[in-house]
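Overview (structure and organization)
Chain residues, written in single-letter form:
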Amino acid sequence: MTAEQISAAVMNSVHRAGLVEVEVSARHVHLSQADAEVLFGPGVGLEPARPLSQPGQFLSQQRVTLVGPKGRKERTAVLGPVRPASQVELSKSDCVELGVDAPLRESGDVAGSGSIVIEGPCGTLELKEGVIIARNHIHVTAPDSVMFDLRDKQRVDVALLTERPVVLRDVLIRVSTRFSCKMHIDFDEANAALVKGFTLGRIIR
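Below is a short write-up of the structure.

Here is what the cut-offs are and how they apply
- Residues numbered from 1 in each chain as written.
- Predicted model: local features only at pLDDT ≥ 70, side-chain atom pairs only at ≥ 80, totals over all residues.
- Heavy atoms only, no water.
- Helix = DSSP H or I, 4+ residues; strand = E, 2+ residues; numbered from the N terminus.
- Rg over C-alpha atoms; globule rule 2.2 N^0.38 Å.
- Buried < 20%, exposed > 50% of the residue type's maximum accessible area, 1.4 Å probe, protein only.
- Areas by Shrake-Rupley, 256 points an atom, 1.4 Å probe, with all protein chains shown as cover.
- Core = buried A, V, L, I, M, F, W, Y, C linked by side-chain atoms within 4.5 Å.
- Contact = heavy atoms within 4.5 Å.
- Pairing = 2+ DSSP bridges.
- Axes fitted to C-alpha atoms, helices over the stretch in contact; angles between N-to-C directions.
- 1 Å grid on protein atoms, 1.4 Å probe; cavity = no way out; pocket = protein on both sides within 12 Å on 5 of 7 lines; lining within 4 Å.
- Points joined across faces, edges and corners; volume = space filled by probe spheres on them.
- Nonpolar A, V, L, I, M, F, W, Y, C, P; charged D, E, K, R; others polar.

Remarks on the overall build of the protein
Scanning the protein for helices and strands turns up five helices and 14 strands. Computed over its C-alpha atoms, the radius of gyration of the protein comes to 18 Å, within 12% of the 17 Å expected for a compact globule of 205 residues. Seen through its C-alpha atoms, the protein measures out along the principal axes to roughly 50 × 35 × 30 Å. The proportion of buried residues among the 205 residues of the protein is 50%. Per element, the accessible surface of the protein, about 10400 Å² overall, is 53% carbon and sulfur.

Written out as structure tokens, the structure is:
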């Protein structure tokens, strides 16, 4: 049995126990192709630095600076591939430090959301809307949704199994054949629960 097969078998057992791996998502930027060209130059493509846990997604080699009324965040990660619309995902602490007003939203729901300035090596972009605090969520594969008895857009509670146990309520379920089964939280939530290293959460019925 290969290492990949062993890992898959272990995670399958974890899921059967009603547990999900928890990943911490730092502040980051998603860019449209047009906005990527403003920041990095005409015809530019996002250059993968390493893959992320969700299939087809990657951390790019390019970085940007976020500029708000009260501060700056240098070397902010840009995730690929490009999207139809640009989006900036921050924690509440990031918003306070930058002086940015951002709503709690599901990824992709950016209508009427916060604004920010993004600086790149080749240009500056004033993003009129697109800044959100991403709602915590669980990516679930179609087979795992059957195992967990979950449906797309459902809301559940999740107990983070750490030294400082915290129950996160109203966690969004996102089901897709394109996903890998992981829960995503931001740094504020992770710090509150003392999340570090490999962490599991228990889905509460």
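Details of the nonpolar core
Ranked by internal contacts, the top residues of the largest apolar core, which has 23 residues, are Val 29, Phe 40, Val 64, Leu 66, Val 88, Ile 116 and Ile 118. Among the secondary structure elements, those contributing two or more residues to this core are α2 (33–40), β4 (58–67), α3 (92–98), β8 (114–119) and β9 (124–134). In terms of residue count, the dominant contributor to this core is β9 (four residues). Not counting the four nearest positions on each side in its chain, Val 64 is found in contact with Val 29, Leu 39, Phe 40, Lys 73, Glu 74, Arg 75, Thr 76, Val 78, Ile 118 and Glu 119. Counting residues in each nonpolar core, the second largest holds 19 residues, with Val 22, Val 140, Val 156 and Ala 190 among its members.

Here's the deal with unusual backbone geometry
For the bond running from Gly 80 to Pro 81, omega is 5 degrees, close enough to zero to count as cis. Mapping Pro 81 onto the fold places it in the loop between β5 (72–80) and β6 (87–89). A positive phi angle, close to 50 degrees, is found at Arg 75, a residue other than glycine. Position of Arg 75 among the secondary structure elements: in strand β5. Classification of Arg 75 as exposed rests on a relative accessible area of 60%. For Leu 194, which is not glycine, the phi torsion reads 55 degrees and is therefore positive. Relative to the assigned elements, Leu 194 resides in the loop between α5 (187–192) and β14 (199–204).

Quick look at the sheet that holds strand β10 (residues 137–140)
A barrel is described by the order of its strands in space; here six strands give the closed sequence β1-β13-β10-β12-β11-β14, paired in mixed fashion. Pairs of neighbouring strands in the sheet enclose a mean axial angle of 40 degrees, with direction left out of account. Bridge count between β10 and strand β12 (residues 166–175): four bridges; the pairing is parallel. In the strand pairing of β12, His 139 is matched with Arg 174.

Some details on the layout of surface pockets
A probe as big as a water molecule, rolled over the atoms, marks out the empty space that is left. Taken as a whole, the largest pocket encloses approximately 1000 Å³ of empty space. Looking at the lining of the largest pocket residue by residue, the class counts come to 17 nonpolar, 15 polar and 15 charged.

Observations regarding the environment of Leu 150
By the element assignment, Leu 150 lies in the loop between α4 (142–148) and β11 (155–160). For Leu 150, a relative accessible area of 8% puts it in the buried group. When the C-alpha atoms of Leu 150 and Val 175 are compared, they prove to be 8.3 Å apart, with 25 residues separating the residues in sequence. Filtering out sequence-adjacent residues up to four positions away, Leu 150 remains in contact with Val 140, Ser 145, Val 156, Ile 173, Ile 203 and Arg 205.

Quick word on the pairing of β11
Pairing analysis gives five bridges linking β11 to β12, with the strands arranged antiparallel. Across the sheet, the residue bridging to Val 156 is Val 171, located in β12. Counted between consecutive antiparallel strands, the loop separating β11 from β12 contains five residues. The sheet contact formed by β11 and β14 spans four bridges and is antiparallel. Within the sheet, the bridge partner assigned to Leu 160 lies in β14 and is Gly 201.

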